[in-house]
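What the coordinates show
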Amino acid sequence: MADSAAGRPWRNVTAVGALVVWDGAVLLVRHTYGGARGRYLLPGGVVDPDETLDVAVAREVAEETGVVARPVGIVGVRSRHDPGGNDTYVMFLMEPLSGEPRPDGYENDDARYFDAGDLERRGDEITALSRYMALAALHGRLTVLRHDDEFDYGAATRDPSTWKLFR
């Protein structure tokens with residue numbers, strides 16, 4: 001691929017974000033770096049080369065917040081390109097299984113659940129996409145693409161731990 005306009009190699013990044021919903025609230029973390037520094041957003045991060053999206057989002061939530069959560073399904077995809085490359089962000093609805101949220105002290109310095117009132121009151125402290133998706137989750141306005149357990153992975157000669165269909 002040709003170099004980007006900035007003179008660096010073109011990047012194609014896939015990242016995940018989690019809408020962990022518990023007791024009428026959504027888990028957010030306050031970022032310590034980059035463009036979202038000092039603002040709350042969904043926990044998540046870059047998908048490692050040996051991971052499927054659902055495995056990556058569960059890992060990221062645990063690493064960033066200490067919360068063990070189960071992916072319910074995909075609820076949003078944000079696609080972006082700029083002079084440096086492409087960036088795809090896949091958001092999952094997740095169910096917490098255990099753990100009190102705590103910041104990781106590196107990527108974030110706070111991790112907590114926000115209810116709808118908190119999301120509205122905190123305004124610019126929360127990124128626009130995170131607030132929008134969190135409110136949609138809390139108000140039942142999400143469409144969920146779930147992992148398809150009925151697909152015949154064997155007939156397709158696919159390993160369901162490394163090749164997954166969501167519909």
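Quick caveat: nothing in here was measured; it's all calculated off a predicted structure.

About the criteria used
- Along each chain, residues carry numbers from 1 onward, in the same order as the chain's sequence is written.
- Local features in this predicted model are restricted to residues of pLDDT 70 or higher, and side-chain atom pairs are both shown and tallied only at a pLDDT of 80 or more, whereas totals for entire chains, interfaces and linings draw on every residue.
- Values reported for side chains reflect all heavy atoms of the structure, with hydrogen atoms and water molecules removed beforehand.
- In DSSP terms, a helix is any run of H or I states spanning at least four residues, a strand is any run of E spanning at least two, and both are numbered starting from the N terminus.
- Throughout, the radius of gyration refers to the C-alpha atoms, and the reference size of a globule is 2.2 Å times the residue count to the power 0.38.
- Summary of the burial criterion: residues with accessible area below 20% of their type's maximum are buried, those above 50% are exposed, and those between are partly exposed, where the area comes from a 1.4 Å probe applied to protein chains only.
- Any two residues having at least one pair of non-hydrogen atoms within 4.5 Å are treated as being in contact.
- Reported accessibility uses the Shrake-Rupley method at a 1.4 Å probe radius. Residues are deemed covered only where the shown protein chains occlude them.
- Whenever a nitrogen or oxygen atom comes within 3.5 Å of another N or O atom, the pair is scored as a polar contact, on the condition that within protein one atom can donate a hydrogen and the other can accept it, and that pairs from neighbouring residues in sequence are kept only if both atoms are in side chains.

Description of the overall build of the protein
Across its full length, the protein holds three helices and seven strands. Ordered by position from N to C terminus, the α and β elements of the protein give β-β-β-β-α-β-β-β-α-α. A compact globule built from 167 residues should have a C-alpha radius of gyration of about 15 Å, and the protein, at 17 Å, falls within 12% of that. Viewed in the frame of its principal axes, the protein has a C-alpha envelope of about 50 × 45 × 30 Å. When burial is assessed residue by residue, the protein has 41% of its 167 residues classed as buried. Summarising the internal contacts of the protein: among those between residues at least 6 apart in sequence, 62% fall at separations of at least 24. Approximately 9,300 Å² of the protein is accessible, and the part contributed by carbon and sulfur atoms is 50%.

Some words on the side chain of aspartate 110
Relative to the elements of secondary structure, aspartate 110 occurs in strand β7 (residues 108-115). For aspartate 110, the side chain forms a polar contact with the side chain of tyrosine 40, separated by 2.4 Å.

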